[in-house]
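Tertiary structure, described
Here are the chains, one letter per residue:
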Amino acid sequence: MFPVLNVGSVSIQLPALLLLIGIYLGLVLAEKNAPRAGHDSKHLNSVVLLMALVGIIGSRLSFIAQHFAAFQASPTSIFSLNIDLLDPVGGFIFILISLLIYVQKNNLKFRDILDLLTPLFAVFFVFLGLSQLASGSAYGLPTTLPWGIYVWGSYRHPTQVYQAVAAVAIVLAVYFWSRQGVQNGILFLRFAALTSSVYLFIDAFRSNCPTIFGTIHLNQLAALLLMAIALFLLERKERTV
Amino acid sequence: MPALQRIYSEYQDRGLIVLAINLTSQDRLNVINPFIQNNNLTFPILLDQEGIVSHLYKVTALPTTFFINPDGVIDDIVYGGPISEALIRIQITDILEELP
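This report concerns the structure included in the present document. (Residues numbered from 1 in each chain as written. Chains lettered and ligands numbered in written order. Predicted model: local features only at pLDDT ≥ 70, side-chain atom pairs only at ≥ 80, totals over all residues.)

Let's talk about the interface of chain B and chain A
At the interface, 12 residues of chain B touch 15 residues of chain A. If you list the elements that add at least two residues to the side of chain B that touches chain A, you get strand E4 (74-79) and helix H4 (85-97) of chain B. For the side of chain B that touches chain A, the leading source of residues is H4 of chain B, giving five residues. Across the side of chain B that touches chain A, the residue classes break down as seven nonpolar, three polar and two charged. (Contact = placed C-beta atoms within 7 Å. Helix = DSSP H or I, 4+ residues; strand = E, 2+ residues; numbered from the N terminus. Nonpolar A, V, L, I, M, F, W, Y, C, P; charged D, E, K, R; others polar.)

Shown next, in the form of structure tokens:
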């Protein structure tokens, strides 16, 4: 756990910095891959800029809506740079809506945009794991295994490292498939199926997960659902290609 | 600090306790009193003269804000500042709701 990087008198929030590095490197890879995979990369920067802007504004608006009384008492906090005042789920919904509008306005296919963004998503998940390792979130169950890391008072499964390592393997797979010219939404669906299967597996070692019906991890249920949808669509698409 | 003071004034009657800890082992004693007076702080300011508290709480950045619930369990940690008033308000109201 290493939440803050002190450079002289400046304190940098390392988890946020790692996420930004992930987005940047993902964008570089996506830009490189786009022509090779038969995509037009001219939309990439616009889409990423749109996602960043809408994501930040949307996640802040969603957070304000959920805690309206607090912002009514402190209106200047609306413009606070604090990243704790963002709602990721709300931001994701705003991004999805804006992408659908962008796709429609530019006569594009949604599946092509998803394929175009898949390398970015893949690299982002590597850095999401590292970011969670730095912040100490998404930590694992206690373990006596030799690779356990000391977090929050005991030796635990380094679930964030498991995620980052698995995500690196997915980046390599995505890179290989995109060089082969896998497209038509198949690249994204393969990525989604792989990533959700990784979450399904790793979440079994995570501590402090929200549960449903007492024992079932909500994240695992969501991952299972996403994997089933991705595999179903993948099977249909692969059959028609 | 001004935001923390405003919220302390507002919620202290409902049981909110604010403890500010000065890392005296890294600071100068003569700057503490002017800081308290300039910001009209009324909550207790404790002195961590040997760095024991900062070591126990693994403080790696200043300020670090710990939100501790009535059971003594850390609910959340916010690294760096300035911390927004709305965030303090949300955390405090969540914690105060846990009070019997």
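That shown, we press on.
Overview of the nonpolar core
All names here are of chain A. Counting 40 residues, the largest nonpolar core has Ala-122, Phe-125, Ile-170 and Phe-191 as its most contacted members. Top element by residues in this core is helix H5 (residues 110-135). It accounts for 15 residues. Contact partners of Ile-170, with chain neighbours within four places excluded, come to Ala-122, Phe-125, Phe-191, Leu-194 and Thr-195. (Core = buried A, V, L, I, M, F, W, Y, C linked by C-beta atoms within 7 Å. Buried ≥ 20, exposed ≤ 12 C-beta atoms within 10 Å, placed from the backbone.)

Structural notes on the pairing of E4 of chain B
Residue and element names in this part refer to chain B. With five bridges joining them, strand E3 (residues 64-68) and E4 adopt antiparallel strand pairing. Looking at the pairing, Ile-68 lines up with Ile-74 of E4. Taking the residues that link successive antiparallel strands as the turn, the E3-E4 hairpin has five residues, and the phi of Gly-72 there is positive, at about 85 degrees. (Pairing = 2+ DSSP bridges.)

As far as function goes, none of this settles anything; it's purely spatial.
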